[in-house]
Amino acid sequence: MVERQGQAAPDAVLTRIGQVVMLHHAGDREEARHRFLDLWAEIGEHGDPLHRCRRAGRPAGW
């Protein structure tokens, strides 16, 4: 991560994963599922390992 003024820069992909989790918990499961599928396609098999682990850690049935 890039540091700015002593703080780590936010990671946009991890932020988006967190937003999708919030959508799911709020009951918008269909939108959450679509966004996770989009993220999975975007990250791909050669994407950042942290992003792949975080995305893979979500329930498969979303």
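Residues numbered from 1 in each chain as written. Predicted model: local features only at pLDDT ≥ 70, side-chain atom pairs only at ≥ 80, totals over all residues. Heavy atoms only, no water.

Visitor: Break down the overall build of the protein for me, citing the residues and quoting the values.
Guide: When its secondary structure is counted, the protein shows three helices and two strands. Helices and strands appear in the protein in the N-to-C order β-β-α-α-α. Across the 62 residues that make up the protein, the buried fraction comes to 26%. Taking contacts inside the protein between residues at least 6 apart in sequence as the whole, the part at least 24 apart equals 37%. On the protein, roughly 4600 Å² of surface is accessible, and the fraction owed to carbon and sulfur atoms is 53%. (Helix = DSSP H or I, 4+ residues; strand = E, 2+ residues; numbered from the N terminus. Buried < 20%, exposed > 50% of the residue type's maximum accessible area, 1.4 Å probe, protein only. Contact = heavy atoms within 4.5 Å. Areas by Shrake-Rupley, 256 points an atom, 1.4 Å probe, with all protein chains shown as cover.)

Visitor: Give a description of the pattern of salt bridges that names residues and reports values.
Guide: Inspection of the entire model under this criterion finds three salt bridges. Two residues, Arg16 and Glu42, come together in a salt bridge whose shortest N-O distance is 2.9 Å. Taken together, the residues span a long stretch of sequence, with Arg16 in helix 1 (residues 12–25) and Glu42 in helix 2 (residues 29–43) at a distance of 26 residues. Look at Glu42 and you get partly exposed, because its relative accessible area is 48%. Of the charged contacts, one joins Glu30 and Arg33 as a salt bridge, the two residues approaching to 3.0 Å between their closest N and O atoms. Linking Glu30 with Arg33, this pair stays in helix 2, spanning three residues, or about one helical turn. Since its relative accessible area comes to 46%, Glu30 is described here as partly exposed. Of the residues examined, Arg33 reaches a relative accessible area of 28% and is grouped as partly exposed. (Salt bridge = Lys/Arg side-chain N within 4 Å of Asp/Glu carboxyl O.)

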